[in-house]
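So you can see what is in the structure, the chains are spelled out below.
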Amino acid sequence: MAEKEVKLFGNWASTYTLRVEWALKLKGIEYEYVNEDIPFNKSEELLRLNPVTKKIPVLVHNGKPLAESLVIIEYIDDTWTKGYSIMPKDPYDRAQARFWAKFADDKCMSAMYSVSTSSGEAQQKMLQEAREAFQILEQALGSKKFFGGDQIGYLDLAITLLAFWIPILEEIVSVSMVDNENAPLLKEWFTRILDVDMIKTSLPPRDKMYELSKQRREQFFSGQI
């Protein structure tokens, strides 16, 4: 696969971009990477390719752009059918994977950020909701090694960003959202997925993400964002 056929627009600190990068790597697809200076200095090319949301990541394949990380992952798996399978083969299992990915984005991600951008009684309420959401998410994992079974699958790629972000935010706000008491299997999966070579070698530096998250939290409370 020639590099010019596949181009990915993303940002070094974007775990949504990493979802797509991991899918491309699992498939063995060569691609050109374009790092966007977000949120205030987006390139004209990015705005042209994604005029609707103006967000990253954007995958361009043979000149045709696609936005939204989970949509892109499915496209990659459907287009390059040989080799590694990311999506489950069974239609019901595919639907379930999509359901849980949406649950993780809509409920778990929202709860995680609500905890990190609140304080006092409001934070305690958000924390309880977050812990309940992660207990529910754990049901999709069960006793499996990965959400995809014995190997990494679509849902693992979708949820790995939680495994990376939650410990950082827990440290910043001094709370526990996922632990051995409320979600022990999910906690074990956090450790397992972050130890996969493809994952751990491509994650952004933790210290930089810690400082960036801390800065954004301070800006939120000061009304700057």
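Residues numbered from 1 in each chain as written. Predicted model: local features only at pLDDT ≥ 70, side-chain atom pairs only at ≥ 80, totals over all residues. Heavy atoms only, no water.

## Quick notes on the side chain of N50
Phase 1: Examined against the element boundaries, N50 turns out to sit in the loop between α2 (44–49) and β3 (58–61).
Phase 2: Among all residues touching N50, those that are not within four sequence positions of it are K55, V58 and A67. (Helix = DSSP H or I, 4+ residues; strand = E, 2+ residues; numbered from the N terminus. Contact = heavy atoms within 4.5 Å.)

## So, the sheet that holds strand β2 (residues 32–35)
What holds strands together in a sheet is hydrogen bonding between their backbones, with the strands either parallel or antiparallel.
Phase 1: The sheet built from four strands is open, its strands ordered β2-β1-β3-β4 with mixed pairing. Bordering the open sheet on either side are β2 and β4 (64–67), each of which pairs with just one other strand. The sheet shows a mean angle of 20° between the axes of neighbouring strands, taken without regard to direction.
Phase 2: Relative to β2, strand β1 (residues 6–10) runs parallel, the two being bridged by four bridges. Within β2, the position partnered with G10 by the bridge is N35.
Phase 3: Docked against the sheet, helix α1 (residues 15–27) engages β1, β2 and β3, running at close to 155° with respect to β1.
Phase 4: Helix-sheet contacts for helix α3 (residues 69–79) involve β3 and β4, and the interaxial angle to β3 is about 25°. (Pairing = 2+ DSSP bridges. Axes fitted to C-alpha atoms, helices over the stretch in contact; angles between N-to-C directions.)

## Quick notes on the layout of surface pockets
Phase 1: There is about 1200 Å³ of room inside the largest pocket.
Phase 2: Looking at the largest pocket, it is lined by 38 residues, and the ones nearest its centre are S14, Y16, I38, Y113 and R216.
Phase 3: Taken together, the elements giving at least two residues each to the lining of the largest pocket come down to α1, α3, α4 (91–116), α6 (154–173) and α9 (206–221).
Phase 4: Classifying every residue of the lining of the largest pocket gives 19 nonpolar, 10 polar and nine charged.
Phase 5: Both of domain 1 (6–79) and domain 2 (91–221) provide at least three residues apiece to the lining of the largest pocket.
Phase 6: What the second largest pocket holds in volume is close to 280 Å³.
Phase 7: Broken down by element, the lining of the second largest pocket gets its largest block of residues, four residues, from α4.
Phase 8: Of the residues that constitute the lining of the second largest pocket, the class distribution is 10 nonpolar, six polar and three charged. (1 Å grid on protein atoms, 1.4 Å probe; cavity = no way out; pocket = protein on both sides within 12 Å on 5 of 7 lines; lining within 4 Å. Points joined across faces, edges and corners; volume = space filled by probe spheres on them. Nonpolar A, V, L, I, M, F, W, Y, C, P; charged D, E, K, R; others polar. Domains from an automatic or database assignment.)

## Considerations on the pattern of salt bridges
Phase 1: What the rule picks out here adds up to 12 salt bridges.
Phase 2: Linking R48 and E45 is a salt bridge whose minimum nitrogen-to-oxygen distance equals 3.9 Å. Here R48 and its partner E45 are both found in helix α2, three residues apart, which amounts to about one turn of the helix. (Salt bridge = Lys/Arg side-chain N within 4 Å of Asp/Glu carboxyl O.)

## Let's talk about the packing of α6 against helix α7 (residues 184–194)
Phase 1: At a minimum axis distance of 9 Å, the contact between α6 and α7 shows a crossing angle of 100°. When the axis of α6 is compared with that of α7, the two are roughly perpendicular. For the pair formed by α6 and α7, the contact residues are D156, I159, T160, L162, A163, F164 and I166 on the first element and W189, F190, I193 and L194 on the second. (Parallel < 35°, antiparallel > 145°, perpendicular 65-115°, else oblique.)

## So, the nonpolar core
Phase 1: Grouped together as the largest cluster of nonpolar side chains are 69 residues, with contacts concentrated most on F134, L137, L162, M177 and W189.
Phase 2: Considering each element in turn, this core owes the most residues, 15 residues, to α6.
Phase 3: Formed jointly, this core draws a minimum of three residues from each of two domains, domain 1 (6–79) and domain 2 (91–221).
Phase 4: For L162, the residues in contact, after removing those within four places along its chain, are A104, C108, M109, M112, F134, L137, P167 and F190.
Phase 5: Membership of the second largest hydrophobic core comes to seven residues, among which are V34, L46, I56 and V60. (Core = buried A, V, L, I, M, F, W, Y, C linked by side-chain atoms within 4.5 Å. Buried < 20%, exposed > 50% of the residue type's maximum accessible area, 1.4 Å probe, protein only.)

## Some thoughts on helix α5 (residues 120–141)
Phase 1: Compared with the 32 Å implied by 1.5 Å per residue over 22 residues, the 32 Å span of α5 between its first and last C-alpha is a close match.
Phase 2: Where α5 is buried, its residues meet α4, α6, α7 and α9.
Phase 3: Note on α5: the residue one or two positions beyond its end, G142, has a positive phi of about 60°. (Expected span 1.5 Å × (residues − 1).)

## Section: the pairing of β1
Phase 1: The buried count for β1 comes to four of five residues, which makes it a mostly enclosed element.
Phase 2: Here β1 pairs with β3 via four bridges, running antiparallel. In the sheet register, L8 faces β3, and the bridge partner there is L59.
Phase 3: Between the parallel pair β1 and β2, the chain is carried across by α1, and the sense of this crossover is right-handed. (Right-handed = clockwise from strand over helix to strand, strands pointing away.)

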